[in-house]
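These are the residues of each chain, in order.
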Amino acid sequence: METKMNKKKEFNVGKMYEKYGLALILMLISGFFGAINGNFFSLYNIQNIFKQSSINGLIAFGMTFVILIGCIDLSVGSILAFVGYIAGILLVNYQLPIVVVLPVALLLGMILGVINGVLVSKVKLQPFIATLVTMTIYRGVTLIISNGLPIRNINKASEVMKFINRGEIVNLPISMVIYLVVFVILWFILDKTLFGKYLYATGGNEEAARLSAVPVTKIKLSAYAISGFLSALAAILYISRYNSIYPNAGQGAELDAIAAVVIGGTSMSGGKGKIVGTLIGALIIGILNNGLNLLGVSSFYQEVIKGIVILIAVVADRKKSN
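Throughout this document, residue positions are counted from 1 along each chain, in the order its sequence is written. Whole-chain, interface and lining totals are the exception, using all residues; otherwise, since this is a predicted model, local features are given only for residues with pLDDT of at least 70 and side-chain atom pairs are given and counted only at 80 or more. Neither water nor hydrogens contribute to the side-chain values; these are computed over all heavy atoms in the structure.

**Q** Any details on the overall build of the protein? Residues and values, ideally.
**A** Numbering of helices and strands starts at the N terminus; helices are DSSP runs of H or I of at least 4 residues and strands are runs of E of at least 2. Looking only at helices and strands, the protein features 13 helices and four strands. Relative to its length of 322 residues, the protein is compact, with a C-alpha radius of gyration of 20 Å against a globular reference of 20 Å. Overall, the C-alpha framework of the protein stretches about 75 × 55 × 35 Å when taken along its three principal axes. By the convention used here, residues are in contact when the closest approach between their heavy atoms is within 4.5 Å. The contacts in the protein between residues at least 6 apart in sequence include a share of 78% that link residues at least 24 apart. Only C-alpha atoms enter the radius of gyration, while the globule expectation follows 2.2 Å times N to the 0.38, with N the number of residues.

**Q** Help me get a handle on the nonpolar core, residues and values and all.
**A** The nonpolar core is taken to be a set of buried Ala, Val, Leu, Ile, Met, Phe, Trp, Tyr and Cys residues, with the residues joined through side-chain atoms within 4.5 Å. Throughout, exposure labels follow a simple rule: accessible area from a 1.4 Å probe, protein chains only, divided by the maximum for the residue type, with under 20% read as buried, over 50% as exposed, and the rest as partly exposed. Among the nonpolar cores identified, the biggest contains 89 residues, and L58 and F61 are the most heavily contacted of them. Counting residues per element, this core draws most heavily on helix α10 (residues 216-242), which supplies 14 residues. Once you skip the residues sitting within four places of it in the chain, F61 turns out to touch Y179, V182, F183, L186, L230, I275, T278 and L279.

**Q** An account of the side chain of T202 is needed here, citing residue identities and associated values.
**A** Among the secondary structure elements, T202 is positioned in helix α8 (residues 194-204). A distance of 2.8 Å separates a polar atom in the side chain of T202 from the backbone oxygen of Y198. T202 has contacts with I69, A209, V214, V216 and I219, leaving out every residue within four places of it along the chain. Side-chain atoms alone can form a polar contact between residues adjacent in sequence; in general such a contact is a pair of N or O atoms within 3.5 Å, and within protein one must be able to donate a hydrogen while the other accepts it.

**Q** With reference to specific residues and values, describe the packing of helix α2 (residues 43-68) against helix α11 (residues 253-263).
**A** Geometrically, a packed helix pair is captured by the angle between its two axes and the distance between the axes. Axes here mean lines fitted to C-alpha atoms, for a helix over just the part in contact, with angles spanning 0 to 180 degrees between N-to-C directions. Contact geometry for α2 and α11: axes closest at 8 Å, N-to-C directions at 65 degrees. On the basis of the axis angle, α2 is roughly perpendicular to α11. Seen along the crossing, α2 lies across α11 with a hand that is right-handed. Every residue of α11 that contacts α2 at N56, I59, A60, M63, T64 and I67 is listed here: A253, E254, D256, A257, I258, A260 and V261. For the contact of α2 with α11, the residue count by class is nine nonpolar, two polar and two charged. For classification, angles of less than 35 degrees are called roughly parallel, those exceeding 145 degrees roughly antiparallel, those between 65 and 115 degrees roughly perpendicular, and all remaining angles oblique. A crossing counts as left-handed when the near helix is turned anticlockwise from the far one by less than a right angle, and as right-handed when that turn is clockwise. Residues are grouped as follows: nonpolar covers Ala, Val, Leu, Ile, Met, Phe, Trp, Tyr, Cys and Pro; charged covers Asp, Glu, Lys and Arg; every other residue, Gly included, is treated as polar.

**Q** Kindly report on helix α5 (residues 127-146), identifying the contributing residues and their values.
**A** One less than the residue count of a helix, multiplied by 1.5 Å, gives the span that helix is expected to have. Between the first and last C-alpha of α5 there are 28 Å, a value that for 20 residues agrees with the 28 Å anticipated at 1.5 Å per step. The complete set of buried residues in α5 reads P127, A130, T131, T134, Y138, R139, T142 and S146. In a view along the axis of α5, the buried residues occupy a sector of 155 degrees, so they form one face of it. The exposed set on the far side of α5, more than 90 degrees from its buried face, consists of T136 and I144. Here the buried face of α5 lies against α3 (76-93), α4 (98-121) and α10. As used here, the arc is the angular range of directions from the helix axis to the C-beta atoms.

**Q** I'd like a description of unusual backbone geometry, backed by residues and values.
**A** For residues besides glycine, phi is generally negative; the peptide bonds are generally trans as well. A positive phi angle is found at N147, which is not glycine, with a value near 55 degrees. The residue N147 is located in the loop between α5 and β1 (151-152) in this model. Given the relative accessible area of 63%, N147 is considered exposed. Positive phi outside glycine occurs at A213, with the angle close to 70 degrees. Judged by its relative accessible area of 60%, A213 falls in the exposed class.

**Q** Provide a residue-level description of the packing of aromatic side chains, including the pertinent values.
**A** One pair of aromatic rings is described through two measures. These are the centre distance and the angle between the planes. By convention, a stacked pair of Phe, Tyr or Trp rings (six-membered ring in the case of Trp) has centres within 6.5 Å and planes under 30 degrees apart, an edge-to-face pair has planes over 60 apart, and any other such pair is tilted. In this structure the tally under the stated criterion is seven aromatic pairs. Here F33 and F40 contribute two aromatic rings whose centre-to-centre distance is 5.9 Å and whose plane-to-plane angle is 35 degrees, an arrangement assigned as tilted. Grouping residues by exposure puts F33 and F40 together as buried. A ring pair is formed by F61 and Y179, whose centres lie 5.0 Å apart and whose planes are at 15 degrees; its orientation type is stacked. Of this pair, F61 sits in helix α2 while Y179 sits in helix α7 (residues 174-192), placing them 118 residues apart in sequence. Exposure class is identical for F61 and Y179. Each is buried.

**Q** Tell me about the packing of α8 against α10, and name the residues and values.
**A** Interaxial distance between α8 and α10 falls to 10 Å at its minimum, and their mutual angle equals 105 degrees. The orientation of α8 relative to α10 falls into the category roughly perpendicular. Listed contacts from α10 to F195, Y198, L199 and T202 of α8 are V216, I219, S222, A223 and I226. Here the residues of the contact of α8 with α10 sort into seven nonpolar, two polar and no charged.

**Q** Mind laying out the side chain of S158, listing which residues take part and the relevant values?
**A** Along the chain, the position of S158 falls in the loop between β1 and α6 (159-166). We classify S158 as buried; its relative accessible area is 7%. Among the polar contacts listed, one links the side chain of S158 to the backbone nitrogen of V160, at a separation of 3.3 Å. A distance of 3.2 Å separates the side chain of S158 from the backbone nitrogen of M161, its partner in a polar contact.

**Q** Go over the pattern of salt bridges, please, and point to the residues and values.
**A** Should a side-chain nitrogen of Lys or Arg be within 4 Å of a carboxyl oxygen of Asp or Glu, the pair is scored as a salt bridge. Under the counting rule described, the total for this entry stands at four salt bridges. One connected set of salt bridges, linked through shared partners, spans E206, R210 and K220.

**Q** Requested: an account of the environment of A201, with residues and values cited.
**A** As for its placement among the helices and strands, A201 is situated in helix α8. A residue is classified by how much of its surface remains accessible, and A201, at 29% relative accessible area, is partly exposed. With 101 residues separating them in the primary sequence, A201 and Q302 have C-alpha atoms 36 Å apart. Those residues in contact with A201 that sit more than four places away from it in its chain are E206, A209 and V214.

Purely geometric numbers; function is a separate question.
As structure tokens, this is what we get:
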């Protein structure tokens, strides 16, 4: 009888943690940094967190789709740099309007994502190897095009880019509004559409999904296309925020994205996870980065701390799966 009661308690605690654990962690981290540094809860700093989280969060949303099918995408940071640099050239050097540049940038990101999908689903390369290769190639092409030089003063070339950087709606930065709109669309796709069910089925058991007439190859191509598209959208927010683009932009973005996805509860083995978890996970990473910067913690130590956070999240995921 007592054993049953203990099991019931453990079950309830587990369920409670699954529902509210991330929100609690978010509040605890925020409270910790707020107690140590009075500027943490200032409007200016909160807007900064939102702006940074929206860039990482968009990449993490794309990573969620890829991880849900049991794959990985290491090329997201390189796609951000590649697309951001091309967009910068079109805006500054050729002075094209944003209505032309934006669709070109998003289409380019999608094409780069599809290339990843083809290597994984058609050529049958391991996702880690395939995207490691494209990560290197995309970065290399960016360096060749740029000759190692940055593009500056991007916002001067476009009022729209300036507005994306400085505009607000009810004290929320425009970049955060874009981010939240994208979140709602992706939540609907994953939770309410047949495509979303196919994603989960492919990641849960690919062979069973194939036998159940799920178009696994198309699903994989689509997941990588979405990842590329969202990395390209993140590139637009990136060049708007920093008013420039360097060929090494986005280095390490894949780690922050993976961290946000795993912290958000998506299983690295695929088939399990929610986009809302990634939303909170990206915010946790954003707060962690911001808080450590406010405390003057060296970027070298920050990498170690983020690595430990990812390790803890992955170990927790493995234990949960077992």
